[in-house]
Amino acid sequence: MGRKSKDKRDIYYRKAKEEGWRARSAFKLLQIDEDFDIFKGVKRAVDLCAAPGSWSQVLSRRLFLAHNKRDGGGVGDGCKVRGAGSEAKGPVGDEEKEPVIVAVDLQPMAPVEGVVQIQGDITSTETATEVIRHFEGEKADLVVSDGAPDVTGLHDLDEFVQSQLILAALTIVTHVLKEGGTFIAKVFRGKNVQLLYSQLKMFFPLVTVSKPRSSRNASIEAFVVCQKYSPPAGFEPEMLRRVLEGEITSKDLDSWSDATKPKVIVPFVACGDLQGWDPDAVVLGGQSEASLAPVQPPIAPPYKRALELIKRGRD
Ligand code: SAM
C-alpha cells in the first residue's frame, strides 16, 4: 500500500467527505462562525478564491437556510436554487429578497446551488469590476477570502504574494462591502504581518486573528476576522487599486505605513471546540478504513494535460 499524504489521513479530510463538503476548509469557516457568528443577518456575500467551493457550499447552505426559514419554506439543506420558485409578486422588502452569493477563482469550479460564479484573477481590474457589477446598488454584508498562492517554501516570497492577494481582496471589499460589514481573509503569520494588521485596522475597528481548530498547528496560516467596516473619512476605493497597479510607489507606501505607527495590537482567538478533533493527529485512514470518493472531483486539474500525455504515450 502506497504512502498516504498527511492531508488524506486527517480526521477533517474524512469528515468533509462524509458531510458532503468539497474540501476540509469548510470546517475552518464553520469554526470561525462558532466564535464570531459571521452569518447573522447576511443576505449578500462574496467568496474570493473559492475553488473547489467548500466555503461557497457553507455560504449557500447557511444563507439559504436562514432565508427559507424566514420564508416559512422547507429548510432542507438550505440549498434552494436562486430564482427557483420565486416568481415576482410585486416589490419585495430586503428581508424577503433571495440571498446573493458571488464566488470567484482563477480555476473553473463545479456549480454550487445558489452561487454565481466568476472565473478570474482577483488582482485584475477586470475581475474586480465584474464582482462589483453584481452588487450595484446593493452592497455585500460579508466578503470572505481563502486565497492562497502556490506556496514556494520561500517564506518571505510566499508571505509577500499572500499579502498581495489580501490587498486585492481588500480593494474589492472597499467597493462592495457595506458599512458595518465583515471581511474574513486567510493570512500567513510571517514577520511582516504586523503591517497588514495596521492597514486592516484603518478600515475595520475590530480586527481579530483567529486560528480555527481544523487549521494545522504546524501551518502559519490564520484568518483575520475584520468587523464593522468603516473606511476613513474621505477614503476613495480607487486608492487601493492604484497601489496594486503600481501607480502608488513604495515611497508612498512607506509614508502610509509610517502613518499607522505605533503598532496595533490585534487579539488572537483559537476557535472551534478545542477539545474536538486534532488536525495534526492521524486518527483515521488506517489499513482497514475504506476510502471515500471525493465529493466533487476536480473539473480542470492542473495535472490533466500530464495525464493526457502519459495516456497518449501508452497508446
Ligand atoms: N475556500 C476554498 C474552498 O473552501 O474550497 C479553498 C480555496 S484554496 C485554499 C485557494 C484558492 O485560491 C485556489 O483555488 C486558487 O486558485 C485561488 N487563487 C489563488 N490566487 C488567486 C487569484 N489571484 N485570483 C483568484 N483566485 C486565486
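Residues numbered from 1 in each chain as written. Predicted model: local features only at pLDDT ≥ 70, side-chain atom pairs only at ≥ 80, totals over all residues. Heavy atoms only, no water.

An unreviewed UniProt entry lists the protein under the name Putative tRNA (cytidine(32)/guanosine(34)-2'-O)-methyltransferase, from Chloropicon primus. For the protein, the Catalytic activity (unreviewed entry) comment in UniProt is given as "cytidine(32)/guanosine(34) in tRNA + 2 S-adenosyl-L-methionine = 2'-O-methylcytidine(32)/2'-O-methylguanosine(34) in tRNA + 2 S-adenosyl-L-homocysteine + 2 H(+)". (UniProt positions renumbered as here; feature names shortened; annotations may be inferred.)

(A) Main features of the UniProt feature "active site" (unreviewed entry) in the protein. According to UniProt, the positions carrying the feature "active site" (unreviewed entry) are K186. On the basis of relative accessibility, which here comes to 9%, the residue K186 falls in the buried class. Setting aside chain neighbours within four positions, we find K186 in contact with S145, D146, G147, A148, Q162, I166, E221, A222 and F223. (Buried < 20%, exposed > 50% of the residue type's maximum accessible area, 1.4 Å probe, protein only. Contact = heavy atoms within 4.5 Å.)

(B) Broad picture of the site of the ligand. Close to the ligand lie 19 residues; S54, D105, D121, I122 and D146 are nearest. Between W55 and the ligand, the recorded distance is 3.1 Å, taken from a backbone N or O atom to an oxygen atom. The side chain of D105 places a nitrogen or oxygen atom 2.6 Å from an oxygen atom of the ligand. Bound to the protein, the ligand loses 85% of the 600 Å² it would expose on its own. (Near = heavy atom within 4 Å. Polar contact = N/O pair within 3.5 Å; in protein donor to acceptor, adjacent residues only side chain to side chain. Areas by Shrake-Rupley, 256 points an atom, 1.4 Å probe, with all protein chains shown as cover.)

(C) Here's a closer look at helix α3 (residues 26–36). Judged by how many residues are buried, α3 sits mostly within the fold: nine of 11 residues are covered. Of the positions making up α3, those classed as buried are A26, F27, K28, L29, L30, Q31, I32, D33 and F36. Immediately downstream of α3, the backbone of D37 shows phi near 50 degrees, a positive value. (Helix = DSSP H or I, 4+ residues; strand = E, 2+ residues; numbered from the N terminus.)

(D) Molecular detail of the UniProt feature "binding site: S-adenosyl-L-methionine" (unreviewed entry) in the protein. The UniProt feature table records "binding site: S-adenosyl-L-methionine" (unreviewed entry) at G53, W55, D105, D121 and D146. Looking at the secondary structure, you find D105 in strand β2 (residues 100–105). Look at D105 and you get buried, because its relative accessible area is 12%. Only 2.8 Å separates the side chain of D105 from the backbone nitrogen of Q107, close enough to count as a polar contact. By secondary structure assignment, the location of D121 is in the loop between β3 (115–119) and α5 (125–133). Given the relative accessible area of 32%, D121 is considered partly exposed. Dropping the residues within four chain positions of it, D121 is found in contact with L106 and T127.

(E) A look at the sheet that holds strand β5 (residues 177–188). With respect to topology, eight strands assemble into an open sheet ordered β3-β2-β1-β4-β5-β7-β6-β8, the strand pairing being mixed. The open sheet has two free edges, formed respectively by β3 and β8 (268–271), since each of these has just one partner strand. Between one strand axis and the next, the sheet turns through 20 degrees on average, direction left out of account. Pairing between β2 and β3: five bridges, direction parallel. Each bridged residue has a counterpart across the sheet, and for V102 the counterpart in β3 is V116. Across the sheet, helix α6 (residues 155–176) is in contact with β1 (44–48), β4 (140–145) and β5; its angle to β5 comes to roughly 170 degrees. (Pairing = 2+ DSSP bridges. Axes fitted to C-alpha atoms, helices over the stretch in contact; angles between N-to-C directions.)

(F) Up close: the pairing of strand β7 (residues 221–227). The buried fraction of β7 amounts to seven of the seven residues, a majority that puts the element mostly inside the structure. In terms of strand pairing, β5 meets β7 through six bridges, oriented antiparallel. Directly across from F188, in β7, lies its bridge partner E221. By the bridge criterion, five bridges tie strand β6 (residues 206–212) to β7 in an arrangement that is antiparallel. Counterpart to L206 in the pairing with β7 is Q227.

(G) How the structure looks around the side chain of S145. Along the chain, S145 turns up in strand β4. The residues contacting S145, other than those within four sequence positions of it, are L48, C49, W55, A169, F183, I184, A185 and K186.

(H) Layout of the pairing of β1. A large share of β1 lies buried, amounting to five of its five residues. Covered by surrounding structure in β1 are R44, V46 and L48 together with A45 and D47, the residues of both alternating faces. Alignment of β1 against β2, held across five bridges, turns out to be parallel. Note on β2: the bridge partner recorded for V46 is V102. Sheet topology places β1 next to β4; four bridges connect them, and they run parallel.

(I) Geometry of the environment of D280. If you trace the backbone, D280 turns up in the loop between β8 and α10 (304–314). Separated by 248 residues in sequence, D280 and I32 place their C-alpha atoms 19 Å apart.

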